[in-house]
Amino acid sequence: LLRRAPLVASMYASCAGGCAGAGRACKGFFTSTQQAEVLDALIKKHLGETEFGKSEDFSKTGTDRGLQRWEHSHLVAALDTLNTYQRTRRAHCCRCGPKLRWQYKDDPRTRFVELLKRWLRMNACNSSLEEEEVRQVSALCRDVLNHAALF
């Protein structure tokens, strides 16, 4: 126990919102680590990307559509849905309750949403979108849904 004391103390020190610890760790610390590991494995399995967890490219971007014209309206509808989800998603401190709220900026869910938004923006205008590519992203989303307890 003494060897792990600094690690345990740092986990109890503050939650994501910066609140002082109250003798127990914020649940989000453990969940976020598990989410990142699962997402890394699923993205590598379905898309072959190995840099998801390390890349700075997937931090939160704006919630505007970013498209002037498109070929696939269903992809634009999915993009609008993700933008709405991201705009309304708020965090709250496990000890302070709903009084202290903030937006997520670089957690695994946000990074995953940004990956999907990037793919949707790139392919909504693509007139020669390959069915296999759509199936890969669909399988990735289905696998994430299979981990409902984490996400």
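Note: the structure precedes this text.
Conventions adopted
Residues numbered from 1 in each chain as written. Predicted model: local features only at pLDDT ≥ 70, side-chain atom pairs only at ≥ 80, totals over all residues. Heavy atoms only, no water. 1 Å grid on protein atoms, 1.4 Å probe; cavity = no way out; pocket = protein on both sides within 12 Å on 5 of 7 lines; lining within 4 Å. Points joined across faces, edges and corners; volume = space filled by probe spheres on them. Helix = DSSP H or I, 4+ residues; strand = E, 2+ residues; numbered from the N terminus. Nonpolar A, V, L, I, M, F, W, Y, C, P; charged D, E, K, R; others polar. Salt bridge = Lys/Arg side-chain N within 4 Å of Asp/Glu carboxyl O. Core = buried A, V, L, I, M, F, W, Y, C linked by side-chain atoms within 4.5 Å. Buried < 20%, exposed > 50% of the residue type's maximum accessible area, 1.4 Å probe, protein only. Contact = heavy atoms within 4.5 Å. Axes fitted to C-alpha atoms, helices over the stretch in contact; angles between N-to-C directions. Parallel < 35°, antiparallel > 145°, perpendicular 65-115°, else oblique. Left-handed = near helix turned anticlockwise from the far one by under 90°. Expected span 1.5 Å × (residues − 1). Arc of directions from axis to C-beta.

(A) Molecular detail of the layout of surface pockets. When its volume is computed, the second largest pocket comes out at roughly 500 Å³. Lining the second largest pocket we find 21 residues, and of these Leu82, Phe112, Leu116, Cys141 and Val144 sit closest to its centre. Contributing elements (two or more residues each) for the lining of the second largest pocket: α3 (73-88), α4 (108-123) and α5 (131-145). Broken down by class, the residue content of the lining of the second largest pocket amounts to 17 nonpolar, 3 polar and 1 charged.

(B) Structural context of the pattern of salt bridges. As enumerated under the stated definition, the model contains 4 salt bridges in all. Lys45 serves as the salt-bridge partner of Asp143, at 3.1 Å between the closest nitrogen and oxygen. With Asp143 in helix α5 and Lys45 in helix α2 (residues 27-47), this residue pair connects regions lying 98 residues apart in the sequence. Of the charged contacts in the structure, one is a salt bridge between Lys117 and Glu114, with a shortest N-O distance of 3.2 Å. Pair noted here: Lys117 and Glu114 are both in helix α4, with a separation of 3 residues, about one helical turn.

(C) Seen up close, the nonpolar core. Membership of the largest hydrophobic core comes to 21 residues, with the highest contact counts inside it found for Leu75, Phe112, Trp119, Leu120, Leu140 and Val144. Listed by contribution, the elements that provide at least two residues to this core are α2, α3, α4 and α5. Element by element, the count of residues in this core is highest for α4, at 6 residues. Setting aside residues no more than four positions away along its own chain, Leu120 makes contact with Leu75, Ala78, Leu79 and Leu82.

(D) Representation of the packing of α4 against α5 within the structure. Direction vectors running N to C along α4 and α5 enclose 160 degrees, while the axes themselves pass 12 Å from each other. If you check the angle between α4 and α5, you find them roughly antiparallel. In this structure, α4 crosses over α5, and the sense of that crossing is left-handed. Residues Phe112, Leu115, Leu116, Trp119 and Asn123 of α4 lie in contact with α5, whose contacting residues are Glu133, Val134, Val137, Leu140, Cys141 and Val144. Looking at the contact of α4 with α5 residue by residue, the classes come out as 9 nonpolar, 1 polar and 1 charged.

(E) Representation of α3. Given a rise of 1.5 Å per residue, 16 residues ought to cover 22 Å, and the 23 Å separating the end C-alpha atoms of α3 matches this to within 8%. Among all positions in α3, only Leu75, Val76, Leu79, Leu82, Asn83 and Gln86 are buried. When α3 is viewed along its axis, its buried side chains cluster within an angular range of 120 degrees and face the same direction. When the buried face of α3 is taken as reference, the exposed residues oriented beyond 90 degrees from it are Ser73, His74, Thr81 and Thr88. The inward-facing, buried residues of α3 abut α4.

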